[in-house]
Amino acid sequence: MQPPIIPSNEHSRLLALAGTELLDTAAEPRFDRLTSLVQQCLGTEIVLISLVDKDRQWFKSRQGLNACETGRDISFCGHAILSDDIFEIPNASQDPRFADNPLVTGAPNIRFYAGVPLAHQGHRIGTLCIIDQKPRQLNQGERQILANFAKVVEQEITDRLQEQSHQQLAASELMNRSVLEGTQIGTWQWNVQTGATIFNERWAEILGYTLNELLPVDINTWLSFAHPDDLAESARLLELHFAGQLAFYDCKCRMKHKNGDWVWVHDRGRVVSWTEDNKPLMMYGTHADITEQKQAELELKASRDQFQTLVANIPGITYRCKADKDWTMLYMSGSIDPLSGYPASDFINNEVRSYASVIHPDDHERLDLAVGQAINDNQSWLLQYRIIHKCGVIRWVEERGRAEYNEQGEVNFLDGFILDITEEKTLKQQLLKLTSQLPGVVYQYQQWPDGRACFPYASNNLQKIYGALPEQVKDDATFIFSKIHPDDLAELANSIEQSAANLSLWQHQYRVFLDNKQLIWLSGRATPEAMPDGSTLWHGYLEDITTTKQHYLELERLNKEYKLSQQRLEMASETALIGFWQASLVTGELWWSPVIYQIFGFDENITPSVALFKSTLHPDDRDLVTASEQHALEMGLHDVVHRIIRPDGAIRWVHELARLLPVADNPDQILVGSVQDVTERMQLQQMKDAFISTVSHELRTPLTAIKGALALLNSGKLGQVPEKLQKLMQVASSNSDRLAQLINDLLDVEKLAVGKMPFDIQSLQVQAELKQAIDNLQPFAGQHQVNITLQPLAAGLMVQADSLRLQQVLTNLLSNAIKFSPKQAEVLVTAKQQRDKVLFEVIDAGSGIPVAFHAHIFERFAQADGSNLRQSGGTGLGLAICKELVQQMGGTIGFSSKQEKGSTFYFVLPAKADIIS
């Protein structure tokens, strides 16, 4: 005897065999039908589906053999799996490999053997084999039949695994959907009117990105990733939601992943606020990755389609029989074989057995009554009942039939069609099991006109929500209503009555008490059906929405607080005469708050517009406002004080302050800002300027004489003076210098205010200008033990400016940086080109500017330390003069500062001559 060789891939082969999950399982009709068909088609004594395990061959299905397994060392199938071809032994008693094999010399006395390898995952795991006790040789047709049956067995193995996988997948999906994992849900917030959109990090992760990679984001971000074929359906659902026809926007669509694949997502959202003209404003929603679910659905659908195709190609059982108690068959199609395990010939004229003998005993009486009643009423019948298979398995069938009558009205015979519906019955049972796994309650609720109500069906989760078993409310729903919050009962009852009256979809949210007295929120949805007895039966789903409801209630609270804050802001606006506005420089559209009507003297019925605003501008200030708007387009800030002429002819001063988003993100060039009536402030300023001009001119002449006299005394030309007097004279001289500087600053302010400051704009070398300013301040820096460092500049950097005024600005910023820096600190000076501008920066390491003083830094006489004890001197006019000088040279000035980390003052001037007007 020759034992079979162990294949080189034995380990992988055994893993593939284990993966079939067939070993040591119960007999299954799907395999037994096939072996029975092979036995009949090839006229053989024994047919086996043999699986070759490590030390044995085990029979999943067997015909003509009682043994369940044999040792692998004496198996024929162990040899058969060594090749892809059919392994055939015409006469084992004459084959040296098997002549002394116990299976040949003893039972089952094998003489003929033919086995076709069964493959799974590329490995031969066993065979479909036929065995006879007489020598035999298969012809080509028989070999082809055996090979085809082997392919069918392989397909059954694959289908069986797929069915198990689908069941596991469906169970897993339901379990996952019952668990709320907030971190796995993408969220979004959308301003429907502006398009502004906020996404969370998980939203970006679903698409394979980080949120930073997608910034800036708006509604176009979503549109750019959505599949073009899904946009129309998404828009349709959105419009239905906006129109109030759908409570939620609920859409499943495809999105483009970073790796190029399409992922399926489930978008669900709801409008939470509306504009005054009843347009949707803010919308919130979630974004869940359902790619795996979709793929599972597609796979499940493909499997179902394949199953349906197979069923469509397998004819049901047609029959003609006598109308007797045994249903004696006159004709029966061969499809009865797999259904009952017996050939059709057994039932013809009750040759071996009657068809009634395979019907389940518990169904006999019901069938006899139904068929008898149909015959009497000359009607057809449609029945479902059970068949007992030869192997003892119960099969469900559906039968459609009708009696044929002769001219005298007597029954000649019964014709009908029998269909195996076992799979359908099994699927229904599975559906019931799956329904019980849902997080909410699937139910039927029935209510009669007299007020009686019950739950004919409810899934087991009813107990989790109401504390009642489905059986307890099957006939009476009173207990359920006792759990509902008293304040919600009337509205709930009304919603049920409305749904019953109109047969419309019932949707409602209400509260119930748990056994621990805790309140939870429930959301119900059901479809009504009118019943013949006048009652209404709802088919619906109920779920716990406590967490979501709490979020919405909190949102409502926040909205109320927001409205209160808005009212406070409006009151403050009216008190301070500060109005708020939004204008488009492209479309001319303008919105402003009610206070602006008061500032401009307009009637509140007038519709605001940019053109209306322009008409109020004082003729001398129109260019000033236009220049500020142009500056806003370049730098994003609109800051201008100008005059307006009210309808009554009164001239008022207003201060406009606004910001403009970058043009790339703001195609309509929308400015959002405020306007304040500053007439009184400007009048005071004009009075102050006039006073300063008068005082500075009146003081300059006597001060010049005093400085001259002091200089003559200090020079010694009039003789030596006592040492004490010398010190007093030096103090007087120093203070006269400071007073002179103050007067010069005042005169500069006056000239700048009236536009009389001369400017000689020309191309200047930035390197030379900065070096000159630093050289001039080196002695001053030495006194304060501070170092000035000029950082490397780009070669050939040029600026358009007045050299004297540029030096005046640099000197002021550098002297301030030196004064406010600690000893041994470093002051950095740098400049660089930004498109058609040159940016200058002076950076110190001082204590920084207090936040409260930021808004006043460039005002006249403004100083962060206004006390008499401040350590650094100054007039408080330097930065105000710098601002005027920079602006009149076509530039802007600003600063940034952090407490204890120093300050950076910067200004920007044109880099090209053609930019200066």
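Criteria and thresholds
Residues numbered from 1 in each chain as written. Predicted model: local features only at pLDDT ≥ 70, side-chain atom pairs only at ≥ 80, totals over all residues. Heavy atoms only, no water. Pairing = 2+ DSSP bridges. Helix = DSSP H or I, 4+ residues; strand = E, 2+ residues; numbered from the N terminus. Axes fitted to C-alpha atoms, helices over the stretch in contact; angles between N-to-C directions. Contact = heavy atoms within 4.5 Å. Phe/Tyr/Trp six-rings, centres within 6.5 Å; stacked < 30°, edge-to-face > 60°. pLDDT = per-residue confidence, 0-100. Parallel < 35°, antiparallel > 145°, perpendicular 65-115°, else oblique. Left-handed = near helix turned anticlockwise from the far one by under 90°. Nonpolar A, V, L, I, M, F, W, Y, C, P; charged D, E, K, R; others polar. Salt bridge = Lys/Arg side-chain N within 4 Å of Asp/Glu carboxyl O. Expected span 1.5 Å × (residues − 1). Buried < 20%, exposed > 50% of the residue type's maximum accessible area, 1.4 Å probe, protein only. Arc of directions from axis to C-beta.

1. Some details on the sheet that holds strand β3 (residues 69-71)
Argument step 1. Read across the open sheet, the six strands follow the order β3-β2-β1-β6-β5-β4; overall the sheet is antiparallel. If you trace the sheet from one side to the other, it starts and ends with β3 and β4 (87-89), each paired once. Taken over all neighbouring pairs, the strand axes of this sheet differ in orientation by 25 degrees on average, direction set aside.
Argument step 2. Note that β4 and strand β5 (residues 112-120) share three bridges and pair antiparallel. Looking at the pairing, E88 lines up with A114 of β5.
Argument step 3. Packed on one face of the sheet, helix α2 (residues 29-42) meets β1 (46-52), β2 (56-63) and β6 (123-132) and runs near 75 degrees to β2.

2. Some details on the packing of aromatic side chains
Argument step 1. Inspection of the entire model under this criterion finds 22 aromatic pairs.
Argument step 2. Here a set of aromatic residues connected by ring pairs shows up, and it is made of Y443, Y445, F455, F481 and W538.

3. Quick notes on the confidence of the model for the chain
Argument step 1. This prediction gives the chain a mean pLDDT of 85; 85% of its residues lie at or above 70.
Argument step 2. Least confident of the elements in the chain is helix α22 (residues 723-754), whose mean pLDDT is 62; most confident is β1, at 97.
Argument step 3. This stretch, residues 176-181, has a pLDDT under 50; its non-local contacts, to residues over four places away or in other chains, come to three contacts.
Argument step 4. Scored below 50 in pLDDT, residues 866-873 makes six contacts in the model with residues more than four places away or belonging to other chains.

4. Topic: the packing of helix α23 (residues 766-783) against helix α24 (residues 803-819)
Argument step 1. Closest axis-to-axis distance for the α23/α24 pair is 9 Å, and the angle between their directions is 40 degrees. Compared by their axis directions, α23 and α24 come out oblique. Where α23 crosses over α24, the two elements pack in a sense that is right-handed. Side by side, α23 and α24 meet where E769, L770, Q772, A773, I774, N776, L777, F780 and A781 of the first sit next to S803, L806, Q807, L810, T811, L814, S815, I818 and K819 of the second.
Argument step 2. Looking at the contact of α23 with α24 residue by residue, the classes come out as 10 nonpolar, six polar and two charged.

5. Regarding the pattern of salt bridges
Argument step 1. Following the criterion strictly, the structure yields 36 salt bridges and no others.
Argument step 2. Among the salt bridges present, the one from R124 reaches D84, with a minimum N-O distance of 2.6 Å. Placement of R124 in strand β6 and of D84 in the loop between α3 (77-80) and β4 is noted, with a sequence separation of 40 residues between them.
Argument step 3. Connected through shared salt-bridge partners, D24, D53, R56 and E69 make up one network.

6. Re helix α16 (residues 486-502)
Argument step 1. In this model, α16 (17 residues) spans 26 Å end to end at C-alpha, consistent with the 24 Å of a helix rising 1.5 Å per residue.
Argument step 2. By the burial criterion, the buried members of α16 are D488, L492, S495, I496 and S499. For α16, the buried positions fall inside an angular range of 100 degrees around the axis, keeping them on one side. Exposed side chains of α16 directed beyond 90 degrees from the buried face belong to P486, A490, A501 and N502.
Argument step 3. Looking at the buried side of α16, the elements it contacts are β17 (441-447), α15 (478-482), β19 (506-513), β20 (519-530) and β21 (536-544).
Argument step 4. Phi turns positive one or two residues past the end of α16, at L503, with a value near 50 degrees.

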